[in-house]
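Listed below are the residues making up each chain.
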Amino acid sequence: MTVTLLLQTLLAAPGTGNSGFDVGRMMAIIIAAIFVNNFVLSRFLGICPFLGVSKQLDSAIGMGSAVIFVMTLATLGSWTVYNLLLVPMGLAYLRTIAFILIIASLVQLVEMILQKFSPTLYQALGIFLPLITTNCAILGVAVLNIDEKYNLGYSLVNAIAAGIGFTLALVLMAGLRQKLELADVPPALKGKPVAFLVAGVMSIAFLGFAGLGS
Amino acid sequence: MAEMLKLGLILMLVALAAAVALGLVNSRTAPIIALQKEMEKQNAMREVAMSLSPGDSLAFDSISVEGLGNPFASVDNTLEIVRVSVPPDTSRIGYLFIAYGKGYSSTIQTMVAADLTGSVSSSAILYQQETPGLGANVAAPSKLIENYSGRSAEGILLSKDGGGIDAITGCTITSRAVTNSVREGLLAMGDAGLFRTAPVIAEEIPAHQDSCDSEEGAVVSVDGPAGEGGME
Amino acid sequence: MAKVRTFRGGTHPPGHKNLSSGQPIRRIPAPELVIVPLCQHLGAPSKPVVSRGDRILRGQEIGAQAGFISLPTHSPVNGTVKSIENVPMPHRRTGPAVLIETESEDGGQVFEPWDDFRAHSREELIERVKLAGVCGMGGASFPTYVKLSPPPGKCIDTLILNGVECEPYLTADHRLMLENPDDVILGMEMLAYALGVSDYMIGIEVNKPDAIKLMEAKGCRVLPLMVSYPQGAEKQLIDAAVGREVPAGGLPMDIGVVVQNVGTAAAVTKAVRDGEPSLRRIITVTGGGVVSPGNYDACTGTLFSRLIEESGGYSDEVVRLISGGPMMGISLYTDEVPVTKGTSGVLALTGAEARDVEEGPCIRCGKCVDACPLRLTPNLIALAAENQRWGMAEEYGALNCMACGTCSYVCPSGRYLVHYIKKAQDAIRANRGKEA
Amino acid sequence: MAKPARFELGMSPHVVSNQTTRKIMFDVVIALLPALAAATWFFGPKALFIVLISAATAVLAEYLCLKFMKRPVSFALDGSAIVTGMLLAYNLPSGVPLWLPVVGAAFAIVVGKQAFGGLGHNIVNPALLGRAFLVASFPVLMTAGWMAPEQWRYEHDNPFGTHAIAVEEMAALPEADAYSGATPLNVLKQTFDLDASAESARSQGDVAEAGILGERASSIRAALYSVSTYRNLLIGRRGGCLGETSVILLLVGGIYLVMRRVLELRLPLSYLGTVALFAWIFGGSGWFNGDPVFHVLSGGVVLGGIFMVSDMVTTPVTPRGRIIFGLGAGLITMVIRRWGGYPEGCSYSILLMNLTTPLIDRYTRPKVFGEVKNDG
Amino acid sequence: MSLVKDLTNGIYRENPIFKLALGMCPFLAVTTSVENAIGMGAAATFVLICSNFLVSLLRNLIPSKVRIPCYIVIIATFVTLVDMIMNAYVPDLHRALGIFIPLIVVNCIILGRAEGFANRHPVLNSVADAVGMGIGFTLAMILLASFRELLGNGTWLNINVLGPGYRNQPLLIAILAPGAFILLGFILGFFNILEKRRGGGQR
Ligand SMILES: Cc1cc2nc3c(=O)[nH]c(=O)nc-3n(C[C@H](O)[C@H](O)[C@H](O)COP(=O)(O)O)c2cc1C
Ligand SMILES: Cc1cc2nc3c(=O)[nH]c(=O)nc-3n(C[C@H](O)[C@H](O)[C@H](O)COP(=O)(O)O)c2cc1C
Ligand SMILES: Cc1cc2nc3c(=O)[nH]c(=O)nc-3n(C[C@H](O)[C@H](O)[C@H](O)COP(=O)(O)O)c2cc1C
Ligand SMILES: Cc1cc2nc3c(=O)[nH]c(=O)nc-3n(C[C@H](O)[C@H](O)[C@H](O)CO)c2cc1C
Ligand code: SF4
Ligand code: SF4
Ligand code: SF4
Ligand code: SF4
Ligand code: FES
């Protein structure tokens, strides 16, 4: 009884008593977050790790998985705190502070838990976790979910899909950069400039997804 | 242990100071923000509703109709509608509502004024974040929304979809989003019985010639003066 | 004729074999001065055992075997040792050689001729092959006796004689099979006996139908092969002939096969039946750069210039001189280099024949990938090597490359793929050396 | 008879095949000519003009870049820039202003090719990048510049000409829309829109309206999926980008390339095959009732399949990789056609798959000779 | 002397964007117009100055173990302040900058300067550093925004520059996402060339 009530509350759109989870809308959110409004290539979120961790394919995959993981957790934490704590208490203006603290402590927690219980996973993801605290894609997804007024279900879907979209861009970028390492890039454009050009080219290609799912 | 306590205390202190500072500023800015929003909306409402009865000063009161849904509106499943009247007469001369449509890159909000027969007298884009130079052109006084005027739900459909409204070139998605959201809003209001007759071709019945009478619709609540029943 | 087989990949450069394939082998007498290199085989050079002024006999050992992978070297003439010095070699570097002033060319039967080799034990036969200094005549000049003595545990079941001669222009093996089939077949039986295998055959490409017919008529088992370069490479030949893949980094004997060139077989026959060490070989002199191409039977230590003379000298358009075939041969700046046991051809190319394209960037057409018989990605290895990314080159399999040149041949951008890959191999090996 | 003092030295192999990059590129130019003839026939001399301007700009841009970067300018004449310029022009509607190909070709060469190091180093197809750049920059010109075939010969009195897209039922569509969206795929996309409207009418209980809309959609589709449409698509009498219309003449070019051993068939076949398969699966209004023939013949997939999927610089080099590339591009093409914002997905699908090329190459590198046995 | 150095440091020599490549997301996202660039720059500069000031002031009071959390709280506080103030007084700009205002929190220029500079320097220097970094960030944004607005819309700070003919058919892509990446790529390349010229001249 309480459990159903709790579930209903959690799945509800904020501000109303309705719960709802429409598969069609979920698909639209997923497609939008991965392809149409890709975090990196269209929304400009998470550019720093996108540039910083895309030199090697392995680290790109590691970073991507870590981001998906943390995004999901951060969404869970931030959505719950915001809608079940801050809003009822009239403290919605503390959103930014609350979210950044939630994310920072979540990352700490995850790091500790991983280190203790799954050293292999920690080995794989560990070095990326501290980087993630100050990654605006994570805070971005938490804030976007509130701005879009998604209920918890949609928020989680959006978070996972955004993480996948980030990973997709990162992995493609890593492949392309490894190819470019052997290319005869003009000296003036070597390094960061050409990385931005690659991102621009990717971003143009992703325009092909425009309108998908709408 | 004492060390930990001390650290925790310092952190608490900092957080507390922050919260207090923010609370203070918030208490200053919150009313301004609310007022700002309200002013914006009032202005938009006045501008759009003017077409219902040019020259008169108007009064608004909002009603909410349960069951009129719009998945993109902030408030699920409830289409918020404002009744327009010319004071001191309390009889309505038409309605205002905001239509929400998912466009190319944003949810576009269109404010629509409809007369009692269900035909649009004017509309304006309240919010959009479409591509500048492309979809964003709907917000510039565009032929698209001007074309709604004088049409009822039936007529508000893109030519491509078999209706008579021409899309903005290269912006089918935006155009369709706006058009369909307006159409759906009107249809929903018609279904709720807010219009006096079943929607008719606008030219046949002159606008605002009738007085207030029965509202058999599923009106649930009639709020006080505009501004408190938020249309956000 | 049996089913025609082949391997996957490869290419098909124009053969140009008819320049010399109709020319019977001509025996060239030894020149007045023979320059006998002491490192005609793969492995450690033999140690000189004669000194200046010594009078020596044909077939006499002038260099002693200097290790396991090494062979003795013999004098091809009767004469006087003039000097021992470093001379330019066909592989472009210099190497030690014994210079001998020729007096005559008779004798040379230094071992006891065996009428019936089966009357002797396998070990005796292998010992004879070693003492006679026989090494592979198909390219790598690997000491043949080593190949005949597999380490314990390796079980050899198949012997393939390599009569493929897939390099364009070259016809020495072809002429040998036509003119001296009995020596080749007898040699093959001797090799089979030494290895203890009963399954042996000879692989010949179908552009030599007369050789296939002749060998078959002599009762020899022939595998006709489609014309494709580099079918003569042993891994590809084994794949084509018996459908087995030599493991990467492994040797043919790992899968129970030994491959020997037809010329090697003939040399074995000479050593066993006639008791004569390895002193001469058959060489094709050809290309548009010589007046009348031909095939010659010359003794080791004969200068290339002498062979060219025999072929009527250079034509006017000659630009490039190559030891070996056009695909794997080495270009020389001088023709004053001696014939070795491994010299299969001397090629003089005109400007029109020789490669004359500027190198462009790789356009990733994938032709090299499709053509590489070892299924490497030559374009990627080369790119990595150009950027000194040795680790990446190794990851792409640079060490497997056998330098057959197929990739460079097909590349429309004229990229020096083999060159880059070889550079990567050197760097990788050097790094390994450092680490070790 | 003279013996040179010294022979030239060179690395083995000392002989090479007679295929060169320049020959390959000019073979492609030759193979593109039949389609150019069709473009000129159907869209007038302006089409020819656009192609010439685009190719000339491409070569000039390449020359200037090479000069600026102090690289051998002879590369500008290796033919690849001409191919890029021509293919970009082939991807433009014939109604565009003449400065558009200049901007597009310059972008294609400078940003799409030279910025990454020139021939062989670019990561995506320069011509398609140029097109996508133009679509994003000038969406109205690029989506409304269609001309009806042979219109130029009928002056301006009848924008449709007598043949138009040879779909009589098109007359049922409002003139303006039909004109600006005169390509077959545009028409098909509009039937999907009609279906959607019918669906929403039905959900609102307006069954009659739904019936009418649905009827209209399927009657237009029936006209599209017909032999007379196929015939027009084959010969090129239809609206569309100027180089994509005549399937037969494109195929003539393709066969020439195959004969000259320039075109390797794995990519085109896997691409076109995948388009056909998914066209059947979801290219229609529901499931498993699409028309593969219509989908393969219309839009740019034949042009893309023969000339762009096969641009070796930006597609995988490995045999298996090429098949995977074709599969991916075919799938994305059909997804965009069916559900995306654009009527045609060919160019974006190839661009998107270009991005995956390094990954595909990496994971499909063939097993080195002898490695299989080693594992066993 | 050193105050001036601290001030100019961030403008060119250690420009947060061109040299340090920090804070890329807001940089790319809000440079669609010069107006937005200035707004974002002002907001970030304000937060930078306040947080550097406060951090420098409190640097001896806060134990190092809780340093980072305290900084985060301080920065987030100022960000929220800016958020509320902009929302109240410049609502249009607030709407245009959208989610990137709260994201100033994670902009590592700010945390980076708090941790890397204010933590070790006196108040005055810290403020100078913040002003310099803020100006550097703002100027960089104005540079990119100028290109994007001019090419993509034909205007500069909403002033019509390139004429109605151009505005009819602008290079729309410049204000779209790809335009930001590509233009920034070329700007960085241009700086590389400049740098090399200067280096070459000195040698
Ligand atoms: C970068 C970009 C931005 C676009 N922005 C919009 C937009 O804001 N509104 C819109 O309707 N279409 C937009 N489109 C175009 C749509 O994807 C689609 O092509 C168009 O709606 C088709 O309209 P048409 O049928 O009128 O040509 C955009 C396309 C691109 C590439
Ligand atoms: C270090 C080394 C050891 C070899 N050991 C053997 C061997 O034990 N048995 C054998 O049959 N061949 C052996 N070979 C010979 C090779 O299998 C091969 O015949 C030789 O490298 C020449 O091949 P090619 O002419 O195709 O280049 C060896 C080669 C090398 C380089
Ligand atoms: C690319 C390549 C092509 C070769 N072609 C031939 C050939 O045509 N005939 C031949 O006898 N050996 C050829 N070889 C050498 C063989 O691989 C092998 O070493 C030889 O047949 C072994 O016999 P041998 O030791 O008697 O020389 C080739 C080697 C390579 C790497
Ligand atoms: C079969 C073939 C197809 C080609 N297709 C294209 C193409 O679609 N777009 C293009 O810009 N260049 C194309 N080229 C030319 C060339 O590969 C191109 O300029 C390089 O991508 C530039 O590095 C093609 C070349 C060949 C041989
Ligand atoms: S290259 Fe090697 S395989 Fe080919 S003919 Fe010459 S020796 Fe034989
Ligand atoms: S030279 Fe090496 S890489 Fe090239 S084809 Fe031969 S084996 Fe393959
Ligand atoms: S053949 Fe030459 S151009 Fe083609 S992929 Fe190989 S190296 Fe590149
Ligand atoms: S904190 Fe943010 S802006 Fe700074 S480097 Fe990290 S991701 Fe980039
Ligand atoms: S500012 Fe660095 S990830 Fe967004």
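Keep in mind it's a predicted model, so treat the numbers as computed, not measured. Within each chain, residues carry numbers counting from 1 in the order of the written sequence. Numbering of ligands from 1 and lettering of chains from A proceed in the order in which they are written. The predicted origin of the model limits local features to residues at a pLDDT of at least 70 and limits the giving and counting of side-chain atom pairs to 80 or more, whereas totals for whole chains, interfaces and linings rest on all residues. To get the side-chain values, all heavy atoms of the structure are used, and hydrogens and water are removed first.

1. Points about helix α3 (residues 80-90) of chain D
Each α-helix turn comprises 3.6 residues. Residues three or four places apart therefore point the same way. Residue and element names in this part refer to chain D. Of all the eleven residues making up α3, eleven are buried; the element is thus mostly covered by neighbouring parts of the structure. Ser80, Ala81, Ile82, Val83, Thr84, Gly85, Met86, Leu87, Leu88, Ala89 and Tyr90 are the residues of α3 that are buried. Note on definitions: a residue-residue contact is assigned when non-hydrogen atoms from the two residues lie within 4.5 Å. In this description a helix means any DSSP run of H or I spanning at least four residues, a strand means any run of E spanning at least two, and both kinds are numbered starting from the N terminus. Where the residues of α3 are buried, they touch α1 (21-43), α2 (45-68), α4 (99-110), α5 (126-137) and α14 (301-308). Relative accessibility decides the category of a residue: with a 1.4 Å probe and only protein chains considered, values under 20% of the type maximum give buried, values over 50% give exposed, and everything between is partly exposed.

2. Some details on the site of ligand 1
The cutoff for a nearby residue is simple: one of its non-hydrogen atoms must lie within 4 Å of the molecule or strand. Near ligand 1, the surroundings consist of 17 residues, among which Thr131, Cys171, Thr172 and Thr174 of chain B together with Tyr342 of chain D are the closest. More than one chain approaches ligand 1, the contributing ones being chains A, B, D and E. Glycine 135 of chain B has a polar backbone atom sitting 3.2 Å from an oxygen atom of ligand 1. Measuring from an oxygen atom of ligand 1, one finds a backbone N or O atom of cysteine 171 of chain B at 3.2 Å. Computed with a 1.4 Å probe, the accessible areas rest on the Shrake-Rupley method; for each residue, only the protein chains presented here act as cover. When the free accessible area of ligand 1 is taken as 620 Å², the share hidden by the protein chains comes to 91%. Examining the composition of the shell around ligand 1, we find that three residues originate from one element, helix α3 (residues 172-191) of chain B, more than from any other. All amino acids are sorted into three groups, where Ala, Val, Leu, Ile, Met, Phe, Trp, Tyr, Cys and Pro are nonpolar, Asp, Glu, Lys and Arg are charged, and the leftover types, Gly among them, are polar. In terms of residue class, the shell around ligand 1 is made up of eight nonpolar, seven polar and two charged. Polar contact is the term for a pair of N or O atoms within 3.5 Å; when the atoms are in protein, one must be able to donate a hydrogen and the other to accept it, and sequence-neighboring residues count only if both atoms are side-chain atoms.

3. A short note on the arrangement of the chains
Where the eight pairs of chains in contact are concerned, the greatest contact count is recorded for chains C and D. One thing to see here is that chain B and chain C don't touch, and their nearest C-alpha atoms sit 37 Å from each other. The two units chain C and chain E never meet; even their closest C-alpha atoms stay 22 Å apart.

4. Some points on the interface of chain C and chain D
Counting from both sides, the interface comprises 64 residues of chain C and, opposite them, 47 residues of chain D. Buried area: the accessible area, evaluated with a 1.4 Å probe, that two parts lose upon being put together, summed over both parts. Together, the buried faces of chain C and chain D total about 4,900 Å²; carbon and sulfur atoms form 57% of this surface. On the chain C side of the interface with chain D, the three residues burying the most area are Tyr333, Ile363 and Arg364 of chain C, jointly 15% of the side's total. Between Lys or Arg on one side and Asp or Glu on the other, a salt bridge is scored when a side-chain nitrogen of the former is within 4 Å of a carboxyl oxygen of the latter. Linking arginine 364 of chain C and aspartate 361 of chain D is a salt bridge whose minimum nitrogen-to-oxygen distance equals 2.9 Å. The interface formed by chain C and chain D contains 21 residue pairs in polar contact (both at pLDDT 80 or more). In terms of residue count, the dominant contributor to the side of chain C that touches chain D is strand β15 (residues 318-323) of chain C (five residues).

5. Details of the side chain of glutamine 114 of chain D
Structurally, the position occupied by glutamine 114 of chain D is in the loop between α4 and α5. With a relative accessible area of 3%, glutamine 114 of chain D lands in the buried category. Setting aside chain neighbours within four positions, we find glutamine 114 of chain D in contact with Pro186 of chain A together with Glu62, Cys65, Leu66, Met69 and Ile109 of chain D.

6. A closer look at the packing of helix α3 (residues 172-179) of chain C against helix α7 (residues 262-274) of chain C
Residues and elements named next belong to chain C. As a packed pair, α3 and α7 sit with axes 9 Å apart at the nearest point and diverge in direction by 45 degrees. Regarding the angle of α3 to α7, the classification is oblique. Contact residues: Asp173, Leu176 and Met177 in α3; Val262, Gly263 and Ala266 in α7. Across the contact of α3 with α7, the residue classes tally to four nonpolar, one polar and one charged. Here, axes are lines fitted to C-alpha atoms. For helices the fit covers the stretch in contact, and angles between N-to-C directions go from 0 to 180 degrees. The scheme is simple: roughly parallel for angles under 35 degrees, roughly antiparallel for over 145, roughly perpendicular for 65 to 115, oblique for anything else.

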